[in-house]
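Structural overview
As a plain string of letters, each chain reads:
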Amino acid sequence: MGSPIETLIRGAVTKGVEALADFNRKRMTPPVGGNPFLTGIHTPMTEELTLTELPVTGTIPPGLDGRYMRIGPNPIDADPASHHWFIGDGMVHGLAIADGSALWYRNRWVRSNGVAKALQVAPAPGPRLNNQFDTVNTNVVAIGGRTFALVEAGSYPVELGERLNEQVYNPFDGTLKGSFTAHPHRDPLTGENHAICYDSRDPGTIRHVVIDTAGKVVREEPVAVQHGPMIHDCAITGRFVVILDLPVTFSMRTLIEGHGFPYRWNPAHAGRVGLMPRGGTQEDIVWCPVAPGYAFHVANAYDTPDGSVVMDLCVYDTMFGDGAQGPDARSRGLERWTVDPVGRTVDIRTIDAAAQEFPRPDERFFGQPYRFAWTIAIPEEPVARYIGSTSLYAHDLQTGTRQEHDFGPGRHPGEFVFVPETPDALEGHGWLMGFVIDTRDDTTDLVILDARHFEGPPVASIHLPHRVPPGFHGNWIEQNQG
């Protein structure tokens with residue numbers, strides 16, 4: 001925490017930078033053909049809907065009782081010249097299932113100050129972190145028996161009511177002091193959630209945050225870094241929290257130029273993986289240099305008998321070059337990084353070189369040795385719209401094989417989440433669910449697959465009469481979870 005004088009100086013500098021950025025933003029011109037993240041498949045929804053008694057093809061598994069929740073950017077009034085996919089106003093989509101029926105679908109904007117002003121409604125109550133940016137658009141999770149919408153780098157979480165109308169900015173009942181993350185990871189053995197958090201206004205510090213089973217922050221340990229790295233995800237093992245300090249960092253030049261998303265590829269920032277003992281401090285971290293590359297998402301990680309850490313993740317050669325309006329780099333596919341804390345090395349092996357993203361495991365095995373991971377295919381060549389392939393992949397990491405489920409022409413899946421058939425079912429025995437957009441008629445299905453018969457037809461498809469724009473992350477929230 002800086003002194004009052006330091007805080008005053010930092011505030012004055014920030015106001016000056018923001019004024020210059022605003023001036024330059026007004027001089028920017030939209031991309032030729034329009035901003036690709038505001039058009040086509042990414043065109044935002046303009047209404048909040050409540051639909052009931054949804055039509056279903058197939059049979060919804062009778063054991064499913066809860067809500068599929070998904071969030072993503074859905075800007076109300078974005079500037080096409082400066083808009084970046086990652087900064088759009090958040091919209092939550094919820095679909096309730098019980099007794100083999102699809103009960104309702106709802107979509108609601110997160111009532112940030114900007115959204116509330118545009119809709120001419122009251123903003124969601126609750127504190128804002130340092131009275132700053134309060135857009136929340138990246139993940140929806142259950143923590144401590146409640147449901148939270150999340151974003152990284154700035155805003156506090158937003159607690160959501162069951163039917164999405166009740167929204168409150170809530171720093172875990174006042175126990176969270178700084179920013180949070182879009183990717184907390186629940187340890188299934190302890191019930192704790194672990195996160196690595198960064199704040200765009202403090203480029204020299206990240207924090208290891210732990211939330212207990214009651215939904216209260218019990219640890220907020222600072223770690224010194226350089227250049228303000230964008231750390232979207234992390235991993236845990238039985239021994240460590242794994243930190244990905246990779247070469248996408250805060251760019252003052254990009255901010256001053258007026259771009260809405262101020263992070264860019266930085267070849268001067270040496271990539272490294274940090275193994276932080278789960279109860280340790282920054283002095284205890286073992287930092288291991290890693291070849292240049294960037295990863296948004298980790299499938300899983302675990303300790304090995306020889307003391308190393310195995311981590312599986314989706315990796316790119318670079319990310320966010322000049323002028324990027326969304327992910328803009330070539331995928332290297334799914335990789336296995338083996339981190340040796342003694343030799344301080346990271347060995348990289350390609351599991352599958354096909355372009356893919358949004359890896360998800362059976363999360364009952366998070367932080368432990370595991371067998372299965374599921375990903376979505378993305379275009380092989382870097383393209384402006386990012387979403388455009390029609391397949392999901394299922395990886396059997398024990399046999400080294402991959403299966404593919406192709407939804408067919410014009411049908412584009414987003415992230416799918418695994419739901420176990422029963423709490424004690426074998427790994428991979430359960431359902432995969434996620435939204436699939438049909439661009440031929442601008443509709444969306446919530447598709448449920450049997451993970452044991454991955455290449456077979458869906459067991460159920462719940463039909464929505466509109467397109468749910470591609471978003472980021474979704475989760476199945478059991479009726480008694482949140």
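This is a predicted model, so every value here is computed, not measured.

Taken in spatial order, the four strands line up as β20-β21-β22-β23 in an open sheet, and their pairing is antiparallel. Edge positions in the sheet fall to β20 (298-303) and β23 (345-352), since each has one partner strand and no second. Averaged over all adjacent pairs, the angle separating strand axes in this sheet is 25 degrees, with direction ignored. In this structure, β20 lies alongside strand β21 (residues 309-316), joined through five bridges in antiparallel fashion.

Below, the discussion takes up the confidence of the model for the protein. Looking at the protein, pLDDT values average 94 and 97% of them are 70 or higher. Contacts of residues 1-10 to residues separated by more than four positions or lying in other chains number one contact, the stretch itself having pLDDT below 50.

Strand order in the open sheet formed by five strands is β1-β5-β4-β3-β33, and the pairing between neighbours is antiparallel. The strands lining the two open edges of the sheet, one partner per strand, are β1 (50-52) and β33 (473-478). The mean inter-strand angle of the sheet, taken between neighbouring strand axes irrespective of direction, is 15 degrees. Looking at chain direction, strand β4 (residues 90-98) and strand β5 (residues 101-109) are connected through eight bridges and run antiparallel. When the bridges of β5 are listed, H93 appears paired with N107.

For the coordinates displayed, the defined rule picks out 22 aromatic pairs. A ring pair is formed by F372 and W374, whose centres lie 6.2 Å apart and whose planes are at 25 degrees; its orientation type is stacked. Stacked on the ring of W287, the Lys or Arg R272 has its end atom at 3.5 Å from the ring centre. A cation over a ring is seen here: R402 above Y393, with NZ or CZ 4.0 Å from the ring centre.

For the rest of this paragraph, the subject is unusual backbone geometry. Even without glycine at this site, D99 takes up a positive phi of about 55 degrees. Classification of D99 as exposed rests on a relative accessible area of 73%. Within the chain, F172 stands out as a residue other than glycine whose phi angle is a positive 50 degrees. Summarising the element assignment, F172 is placed in the loop between β9 (167-169) and β10 (185-186). Residue classification places F172 among the buried residues on the basis of a relative accessible area of 0%.

Right, let's talk about the pattern of salt bridges for a bit. One pass over the structure, following the stated rule, counts 28 salt bridges. With a closest N to O distance of 3.5 Å, R146 and E159 form a salt bridge. Here E159 lies in strand β8 (residues 158-160) and R146 lies in strand β7 (residues 146-150), a separation of 13 residues in the sequence. Given the relative accessible area of 18%, R146 is considered buried. For E220, the salt bridge is made with R207, and the minimal N-O distance between the two is 2.9 Å.

Empty space within the second largest pocket amounts to approximately 1,100 Å³. Taken together, 46 residues form the lining of the second largest pocket, with R186, E363, N475, W476 and Q481 sitting closest to its centre. Listing elements by their share of the lining of the second largest pocket, those giving two or more residues are β6 (139-143), β10, β20, β24 (356-361), β29 (417-420) and β33. Split by residue class, the lining of the second largest pocket holds 21 nonpolar, 15 polar and ten charged.

Procedures and definitions
- Residues numbered from 1 in each chain as written.
- Predicted model: local features only at pLDDT ≥ 70, side-chain atom pairs only at ≥ 80, totals over all residues.
- Heavy atoms only, no water.
- Pairing = 2+ DSSP bridges.
- Helix = DSSP H or I, 4+ residues; strand = E, 2+ residues; numbered from the N terminus.
- Axes fitted to C-alpha atoms, helices over the stretch in contact; angles between N-to-C directions.
- pLDDT = per-residue confidence, 0-100.
- Contact = heavy atoms within 4.5 Å.
- Phe/Tyr/Trp six-rings, centres within 6.5 Å; stacked < 30°, edge-to-face > 60°.
- Lys NZ or Arg CZ within 6 Å of the ring centre and 35° of its normal.
- Buried < 20%, exposed > 50% of the residue type's maximum accessible area, 1.4 Å probe, protein only.
- Salt bridge = Lys/Arg side-chain N within 4 Å of Asp/Glu carboxyl O.
- 1 Å grid on protein atoms, 1.4 Å probe; cavity = no way out; pocket = protein on both sides within 12 Å on 5 of 7 lines; lining within 4 Å.
- Points joined across faces, edges and corners; volume = space filled by probe spheres on them.
- Nonpolar A, V, L, I, M, F, W, Y, C, P; charged D, E, K, R; others polar.

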